[in-house]
Amino acid sequence: FRNDLCRSDAVANEMEVNMKKVMHVIHGLSTGGAETLVKDYVLKLDKKKYSVVVLCFNHCFDSPYEKILKDNNIKVLYMIDYMSKKGKKGIILKIYKRVKLFFLVRKYIRKEKPDIIHGHLAINRFILFSNPNKKTKLFYTVHTEPNVLWRKRSFERKLEFISAKLLVKKYSMRFIVLHDEMKKEVDSIFKVNNSIVLNNGIDFERFDKKVINNNVRIDLGIPSNSFVIGHIGRFAVNKNQDFLVDIFYEIYKNNKNAFLLLIGSGKEKQRIQDKLDNLCLNNNSLILSNRSDVPDLLAIMDVFVFPSMFEGLGIVLIEAQKMNIPCFISDVVPQNASISNLITRISLEKKASEWAEIIINYKKPKKIILNDSDWDMNEIVKKLGDIYLDKI
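Fair warning: this is a prediction, and the values are worked out from it, not measured in the lab.

Looking now at the overall build of the chain. Of the regular secondary structure elements, the chain holds 15 helices and 13 strands. In summary, the chain has a C-alpha radius of gyration of 23 Å against a globular reference of 21 Å for 392 residues, a match within 12%. Overall, the C-alpha framework of the chain stretches about 75 × 60 × 45 Å when taken along its three principal axes. Residue burial in the chain is summarised as follows: out of 392 residues, 51% are buried. Sequence-distant contacts, at least 24 apart, represent 66% of the contacts inside the chain between residues at least 6 apart. Just so you have it, the chain exposes about 19,700 Å², and 50% of that area is on carbon and sulfur atoms. In the chain, 65 positive and 45 negative side-chain charges are present, and the distance between their average locations comes to 7 Å.

Shown next as structure tokens:
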């Protein structure tokens, strides 16, 4: 018995030694695409092989993700919690927070000593300043169009680009990209050939129609006879919600039962709400922020409209197609977001009235063809684990 016990302890110690610590670094845990991906990654990574920690800059109290990770015992460090603001106001406070953030990120990266750092969004300059151990493996997921991410003429973009180049040089940081075309761009920009294509993936179990809440329309006060036009995405200029409202207004003029459901948060949210109010559409529209019941909300949509000016992928489109919802998207959305015969691509050069006419006259196919085998998040996370172990 004593020998068995010693053997068991030895196995446990060996597992602990071989376990890799993974740190995901991201600004916060809102319900955007990048944040959702991080949430799914850390929940689904094999806990026998990896211990995970998330380093965030700020809290996002109106998002359900903070509670979800806490309830699942995922360690999350919020840098804002370690900032003392005593005696600081206005511009002084702003400068203090910006400078202090660099030092806090460095402190907690060194304290946690991760074997693997996986970055998301504009965080490369913070990781570079942290100067992790040279044995640390670095990965960075490119969530948006590379030329937009690094070639825009702003100081922050330039600094991010320079930081990414230095991280590639010093740590051989590898990029995780969303499709083959993005791989070509990233490899060309950074003069590498080892970027990895990995689909974002969705949690198939959550999009099982058997578990959908059928009372959502009633709960939200949406009339049962409404023709619901839906959209999910951060309220930002590139998501083009301003144009989406114009499209909806044209549809509404033709069908007074039309209803616009927008889900997301961001800087442009209030401006879009004001536009809806000015067009007297407040009784036929609803904006919801940071929801965890996305499958239930998708299920009440008749069509999904996505007129983005540019996209890395648009994972919500995969979710919408999984729910068998006709999707009307701009012609700049990457081709690999089309996994069914439910996608209609429309040029952004067309007027709102032309978009509306196409949507109004659309006929849903009798047989829906869905090619979703490459988008199962469970399989994606297994592949991510192989990437971390240099098997891919």
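Direction vectors running N to C along helix 10 (residues 241–254) and helix 11 (residues 269–278) enclose 20 degrees, while the axes themselves pass 10 Å from each other. It follows that helix 10 is roughly parallel to helix 11 by the angle criterion. Along this stretch, helix 10 crosses helix 11, giving a crossing that reads as right-handed. Counted together, Gln241, Asp242, Val245 and Asp246 of helix 10 and Arg271, Ile272, Lys275 and Leu276 of helix 11 form the full contact between these two elements. Considering only residue class, the contact of helix 10 with helix 11 consists of 3 nonpolar, 1 polar and 4 charged.

If you want to describe how two helices pack, look at the angle between their axes and the distance between the axes. Packing of helix 2 (residues 33–44) against helix 15 (residues 377–388) brings their axes to within 10 Å, and their N-to-C directions diverge by 75 degrees. Between helix 2 and helix 15, the crossing angle belongs to the class labelled roughly perpendicular. Judged by residue contacts, Leu37, Asp40, Tyr41 and Lys44 of helix 2 engage Met377, Asn378, Ile380, Val381 and Leu384 from helix 15. Along the lines of polarity and charge, the residues of the contact of helix 2 with helix 15 split into 6 nonpolar, 1 polar and 2 charged.

With that settled, consider the pattern of salt bridges. Close approach of charged atoms allows side chains with opposite charge to pair. Under the definition given, this model contains 20 salt bridges. The partner of Asp203 in a salt bridge is Lys44, and the shortest N-O contact between them spans 3.6 Å. Residue Asp203 is located in the loop between strand 7 (196–197) and helix 9 (216–220), and its partner Lys44 is located in helix 2; the two are separated by 159 residues in the primary sequence. With a relative accessible area of 12%, Asp203 lands in the buried category. Two residues, Asp302 and Arg217, come together in a salt bridge whose shortest N-O distance is 3.2 Å. With Asp302 in the loop between helix 12 (294–299) and strand 11 (303–306) and Arg217 in helix 9, this residue pair connects regions lying 85 residues apart in the sequence. Accessibility expressed as a relative area gives 16% for Arg217, which makes it buried. What you see here is one network of salt bridges that share partners, running through Asp242, Asp246, Glu268, Arg271 and Lys275.

Counting residues in each nonpolar core, the largest one holds 100 residues, and the members touching the most others are Trp150, Phe175, Phe190, Leu298 and Phe304. Ranked by the residues each element gives to this core, the list is headed by helix 4 (residues 90–112), at 7 residues. Not counting residues within four places of it along the chain, the set of residues in contact with Phe175 comprises Tyr140, Val142, Trp150, Ala164, Val168, Val186, Phe190, Ser195 and Ile196. Of all hydrophobic cores here, the second largest spans 24 residues; its members include Tyr252, Ile272, Leu281 and Phe328.

On to the environment of Ile387. When you line up the elements, Ile387 lands in helix 15. Along the chain, Ile387 and Ile196 lie 191 residues apart, while their C-alpha atoms are 8.4 Å from each other. Not counting residues within four places of it along the chain, the set of residues in contact with Ile387 comprises Phe139, Ile196, Leu198 and Ile392.

Thresholds, definitions, all that
Residues numbered from 1 in each chain as written. Predicted model: local features only at pLDDT ≥ 70, side-chain atom pairs only at ≥ 80, totals over all residues. Heavy atoms only, no water. Helix = DSSP H or I, 4+ residues; strand = E, 2+ residues; numbered from the N terminus. Rg over C-alpha atoms; globule rule 2.2 N^0.38 Å. Buried < 20%, exposed > 50% of the residue type's maximum accessible area, 1.4 Å probe, protein only. Contact = heavy atoms within 4.5 Å. Areas by Shrake-Rupley, 256 points an atom, 1.4 Å probe, with all protein chains shown as cover. Lys, Arg positive; Asp, Glu negative; His and termini not counted. Charge placed at Lys NZ, Arg CZ, Asp CG, Glu CD. Axes fitted to C-alpha atoms, helices over the stretch in contact; angles between N-to-C directions. Parallel < 35°, antiparallel > 145°, perpendicular 65-115°, else oblique. Left-handed = near helix turned anticlockwise from the far one by under 90°. Nonpolar A, V, L, I, M, F, W, Y, C, P; charged D, E, K, R; others polar. Salt bridge = Lys/Arg side-chain N within 4 Å of Asp/Glu carboxyl O. Core = buried A, V, L, I, M, F, W, Y, C linked by side-chain atoms within 4.5 Å.

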